[in-house]
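# Results of the structural survey
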Amino acid sequence: QVQFVESGGGLVEPGGSLRLSCTVSGLFFSSYAMSWYRQVRGKEREWVAQITRGDGSTKYADSVKGRFTISRDNAKKTVFLQMNSLKAEDTAVYYCNAESRSGSRWWGQGTQVTVSS
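One structure accompanies this document, and this report is about it. (Residues numbered from 1 in each chain as written. Predicted model: local features only at pLDDT ≥ 70, side-chain atom pairs only at ≥ 80, totals over all residues. Heavy atoms only, no water.)

## Comments concerning the pattern of salt bridges
Overall, the coordinates contain five salt bridges when judged by the stated rule. Salt-bridge contacts for Arg38 lead to Asp90; the nearest nitrogen and oxygen are separated by 2.9 Å. Taken together, the residues span a long stretch of sequence, with Arg38 in strand β4 (residues 33-39) and Asp90 in the loop between β8 (78-83) and β9 (92-99) at a distance of 52 residues. Residues Asp62 and Lys65 are paired through a salt bridge, measuring 3.1 Å at the closest nitrogen-oxygen approach. Using a relative accessible area of 48% as the deciding quantity, one classes Lys65 as partly exposed. (Salt bridge = Lys/Arg side-chain N within 4 Å of Asp/Glu carboxyl O. Helix = DSSP H or I, 4+ residues; strand = E, 2+ residues; numbered from the N terminus. Buried < 20%, exposed > 50% of the residue type's maximum accessible area, 1.4 Å probe, protein only.)

Right, dumping it as structure tokens:
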């Protein structure tokens, strides 16, 4: 049984920082590409960042490039999203995603991030 435990969301003022964590059990973590997505109510889910299964290379959406950093700790089966210089438009529910080589995907339950003064 695949399980995700996401944490780190919350309320932060514009310009502030948050660090999201997603710990996965029930799959061979190091074999999965890990991504973060976000979704605003009433809108489509948006891809934010990805870290590969092999060399750990990273990719980012233009909207977060230079502000967010994705990383992973395979020993702890955890992926992180460090979010700096947060803006109101970053407010969303953030979801962790695991994707296998064959294209199978699993989703976390989501964690709310609210950027507001």
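## Some remarks on the packing of aromatic side chains
In this structure the tally under the stated criterion is two aromatic pairs. With 5.7 Å between their ring centres and 75 degrees between their planes, Tyr32 and Trp106 make a pair best called edge-to-face. With a gap of 74 residues between them, Tyr32 in the loop between β3 (18-25) and β4 and Trp106 in strand β10 (residues 105-107) connect regions that are remote in the sequence. Its relative accessible area of 29% is what places Trp106 among the partly exposed residues. Where Tyr37 meets Trp107, the ring centres are 4.9 Å apart and the plane angle is 65 degrees; that geometry is what we call edge-to-face. Taken together, the residues Tyr37 in strand β4 and Trp107 in strand β10 connect sequence positions 70 residues apart. (Phe/Tyr/Trp six-rings, centres within 6.5 Å; stacked < 30°, edge-to-face > 60°.)

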